[in-house]
Each structure stands twice: as C-alpha cells, then as structure tokens.
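# Summary of the model geometry
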Amino acid sequence: TKAPIAKIADKVSGYFVPAVIIIAIITFIIYVLLGQGIEIALTTFVTILVVACPCSLGLATPLAIIVSEGICATNGILIKKSEILENAQKTDTIVFDKTGTLTYGKLKISEIKNYSNIENNDLLQIVGSIESKSTHPIGKAFTEYLQDNGISMLEVKEFGNVAGFGIIGMINEEKFIIGNSKIVESYKIENKYKQDENALAQKGNSIVYVVQNEKIIALIGLNDVIREEAKETINKLSNMKIETIMLTGDNKETAEKIAKELGITKVISNVLPKEKANIIKELKQKDRFVMMCGDGINDSPALANSDVGVSVNSGTDIAMDSSNVILTKNNLLSIVNLINISKKTIKKIKQNLFWAFFYNCLMIPVAIGMLKQFGISINPMIASLAMVLSSLTVILNTLRLRKIVK
C-alpha cells in the first residue's frame, strides 16, 4: 500500500509538473519574441523540462519505505501496510496483553486446592480433557500435563466456550464448568474460596475454578514465566516517553504482581474481549495514538481497533490476521526497533523531499538562463546528467538507513 506521506509528494507533483511545462512554454515564447532564434528557444525549452523532471521526487518516499521494510524484516518485524511504518512513530501509548505476550504463555500447574473426594490426578484428567478442546494457553498447560504424565483423555460432550470467562463440558453425564471467578459469578455459584484465590494470586498464579454440579470442587493455580526481554522493553519505552498499560482478563492480584516486576504502572484486569476493544476505543477518543500488542483470540477485537496492532508470531492465527504487524522472532524489543525505524524513515523521507525540491528550485532558474550574465548556463545533456545526479543523491541518502538503523 501507499504511505500517506507519499500522497503529499503525488499531490505536489500534480501541481509541479504542469507549472514546469507552463514555465518552459513561456520561456520558449519569450526567447522567440526577443529574437534569440528557434534553436536556442527550443534548446532552453527542452533543458527546463529535463532538469525539472521529478524523478527524485518520485523516488523520495517509496524507496525509503522499501529499504525500511527490508530492515524491519531482517529484525523480525513483518509489516502488512506501508502506512504503519509511517504511523508507528506517532505512538504514545502501548497496551500489552499479559498471558502469551508479556509472558511466554507456557503455563505450568503449580498448586491445587482440592475440595472434593476426587483424587488430584483424576481431577486433572477431567479438567485436562475439557481444556484440550480450548486454544487458550491455560488449556495447553493442562493438555501438556496429561501428555507428560501419560494420562489418557476422557470423552467430552456438549463442549462450550464462554468468551472471557472459561469453558464448559460434560464427562460421564456430569457437567463441569472451568474458568475464572467471573464464570462462577455468571452462573451464580456460591464462592466460599475467595481467600484461597487471593493466596494463590499473591504467588503470581493464574486461577482456574473447577465447578461440578453447581459446586466449586477445586482451585488450580498456574504459573507463567515472564519473557526475558519484557522488562528491558518496558524500560526503553518508558525512556521514550511512551505510556505502557497491561490489559488482561486475569485477576487483579496476579496482573499487578507481574506489572510490578516489569515496571508497568497502569493495570486493567478482569476484562472481557469486548471490554478490551472498548478500552482501546476510549484511549483513542482521548487523542492517544494506541499500539496494541497481543497474541490470542480474545485480543483480536482490540488489535483490530488499535491504531497499530502488533501480534507475536506464537499467537493464534486470528490474532495475527487482525494485526498490522507480526513479530516473527517473538521478541518484544522488536516494538522498540519498529518505532525507531519508523522515526528514522520519516526523517529520511523529509530529507529526500527537501533535496528533491531544493534541486529543482535551484536548477530551473539556471535552465531558463537567468544566470547567463554570470557565465553560468547548461544544455539538455548537462541537464540530463544533473537530473540523474539528483536521483542518485536521494538513493544514496536513503541507503544510509541501513547504517543508522540498528
């Protein structure tokens, strides 16, 4: 796609080219009227057209965009639209999902609070069998546990996904509800285990409620690992005066613990997928330029509504499809690189446009013959060489991007 800044160059060219043709025609007529002869008038006419050819103007923007997109690809950043490369440098707010984005999303079962007569392994077999139908990182954690411990899957009937809350399923004619505290509230199930939930959350666990026949039978805590580059990324973004926000469906205690470790001061927790998208819209209404970084199905509405949607390569297909940028190396530092590359690209484009216009403004008077009294004049051959040199100036200036972008 064409970057918005390229449209400015196109618009200017739309006025510039007719203006040059008119100047060339007027010059031709004046030379003839002054008795300079048809040959000199025609030579001057051609010289003006050649020297003012807007080749460098046409190269200024697309060449810089192409070079920068190549640099992005080398640094593990796949950009779908050219305007994103231009707009990324406007970012003043970045919203991060937690699980699978700021963390690796490789959850491990850390603790079980079992309130039933079911053995822990049997309980995990039931939960794992239902969770195997889900694509959420929590579901993968249970599935991997069953596989690692050689525990077989049970047949699941009437499986259902409750967006942002959890899942439901039937095993051996028993109905099980599995999810966060909101799913318990939505089914109006008595919750006597808030204290246990808080205790697990204080340890940085994501909490899974297990409900059987309208009764809570267990709480399962799962721990995740923070991405090793996440803290450095947040620190660099902070130094760039960019506000970072954690937006997660996880419980408040767990989210705030992770945020504190990373240096994120603003946390919005216990949110549904639809609420995530609404929060992005609210931020944009406050004249914020918002970048959203996520990985899951639940993040896709927010990614689609943000100014710049960024997905990690390990995310779901729908998240990557909803985003404008994919981090192919799953490295959050690529976000910092993207913003820096964007800033340097726009700076380089502006330089190119300046030199292209400066060259034309400088050479047209020479081509007209306004400096002949000082012994300065050019013919069409010299004009064509000068035109090539102006394009080379733009090309060489653009290629400097490869050295200054790290």
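Only a predicted model underlies this, so the values are computations on that prediction, with no experimental measurement involved. (Residues numbered from 1 in each chain as written. Predicted model: local features only at pLDDT ≥ 70, side-chain atom pairs only at ≥ 80, totals over all residues. Heavy atoms only, no water.)

## Here we look at the pattern of salt bridges
- Taken as a whole and assessed by the stated rule, the structure comprises twelve salt bridges.
- Here R288 ties to E243 by a salt bridge, and the two come within 2.7 Å at their closest N and O atoms. Note that R288 is positioned in the loop between α12 (273-285) and β11 (290-294) and E243 in strand β9 (residues 243-247), a separation of 45 residues in sequence.
- The exposure class of E243 is partly exposed, given its relative accessible area of 28%.
- Each member of the salt-bridge network shares a partner with another, and the members are D97, K276 and D299. (Salt bridge = Lys/Arg side-chain N within 4 Å of Asp/Glu carboxyl O. Helix = DSSP H or I, 4+ residues; strand = E, 2+ residues; numbered from the N terminus. Buried < 20%, exposed > 50% of the residue type's maximum accessible area, 1.4 Å probe, protein only.)

## Section: the packing of helix α9 (residues 194-202) against helix α11 (residues 252-262)
- α11 packs onto α9 with a crossing angle of 15° between their chain directions and a minimal axis gap of 8 Å. As the angle between them shows, α9 and α11 are arranged roughly parallel. Handedness of the α9/α11 crossing: right-handed. Taking contact as the criterion, the partners of N198, A201 and Q202 in α9 are, on α11, E253, T254 and K257.
- Tallied by class, residues from the contact of α9 with α11 come to one nonpolar, three polar and two charged. (Axes fitted to C-alpha atoms, helices over the stretch in contact; angles between N-to-C directions. Parallel < 35°, antiparallel > 145°, perpendicular 65-115°, else oblique. Left-handed = near helix turned anticlockwise from the far one by under 90°. Contact = heavy atoms within 4.5 Å. Nonpolar A, V, L, I, M, F, W, Y, C, P; charged D, E, K, R; others polar.)

## Describing the sheet that holds β11
- Sheet architecture is open: seven strands sit in the order β1-β13-β12-β11-β2-β9-β10, paired in mixed fashion. The open sheet is flanked by β1 (77-79) and β10 (266-268), the only strands paired with a single partner. For this sheet, the mean angle separating the axes of adjacent strands, direction not counted, is 20°.
- Bridge analysis of β11 against strand β12 (residues 308-312) gives four bridges, and the strand direction is parallel. Bridge assignment links M292 to a residue of β12, and that residue is G309. (Pairing = 2+ DSSP bridges.)

## Quick notes on the packing of helix α3 (residues 55-74) against helix α16 (residues 380-399)
- Two elements in contact, α3 and α16, have axes whose closest approach is 9 Å; the angle formed by their N-to-C orientations is 20°. In this view, α3 runs roughly parallel relative to α16, as classed from their interaxial angle. Judged by the sense of rotation from one axis to the other, the crossing of α3 with α16 is right-handed. When α3 is examined against α16, the residues C55, S56, L59, A60, L63, A64 and V67 are found in contact with a partner set consisting of M387, S390, S391, V394, I395, T398 and L399.
- Taken together, the residues of the contact of α3 with α16 break down into ten nonpolar, four polar and no charged.

## A look at unusual backbone geometry
- Positive phi, close to 55°, is recorded for E158, a residue that is not glycine.
- Among the secondary structure elements, E158 is positioned in strand β4 (residues 157-162).

## Concerning the pairing of β11
- Of all five residues making up β11, five are buried, and the element is well covered by its neighbours.
- Covered by surrounding structure in β11 are V290, M292 and G294 together with M291 and C293, the residues of both alternating faces.
- Where strand β2 (residues 93-96) and β11 come together, four bridges link them in parallel fashion. Residue I94 lies in a different strand from β11, and its bridge partner there is M291.
- For the crossover from β11 across helix α13 (residues 300-305) to β12, the handedness is right-handed. (Right-handed = clockwise from strand over helix to strand, strands pointing away.)

## Notes on the side chain of K348
- In this structure, K348 sits in helix α15 (residues 333-368).
- One buried charged residue, K348, forms no salt bridge at all, with the nearest opposite charge on E86 at 17 Å.
- Polar side-chain contacts of K348 include one of 3.2 Å to the side chain of Q351. (Lys, Arg positive; Asp, Glu negative; His and termini not counted. Polar contact = N/O pair within 3.5 Å; in protein donor to acceptor, adjacent residues only side chain to side chain.)

## Overview of the sheet that holds strand β5 (residues 166-171)
- The six strands are arranged β3-β8-β7-β6-β5-β4 in an open sheet whose pairing can be described as antiparallel. On the outer flanks of this sheet lie β3 (108-114) and β4, each paired with one strand and no other. The sheet shows a mean angle of 20° between the axes of neighbouring strands, direction not considered.
- Note that strand β6 (residues 174-179) and strand β7 (residues 206-212) share four bridges and pair antiparallel. Note on β7: the bridge partner recorded for I177 is V211.

## Quick notes on the pairing of strand β8 (residues 215-223)
- β8 sits mainly inside the fold: seven of its nine residues count as buried.
- Sheet topology note: the β3/β8 ladder contains six bridges and is antiparallel. Considered in β8, the bridge of K113 is made with L219.
- Looking at chain direction, β7 and β8 are connected through seven bridges and run antiparallel. Of the residues in β8, the one forming a bridge with I207 is G221.
- Where β7 hands over to β8, the hairpin turn is made up of two residues, of which N213 adopts a positive phi near 50°.

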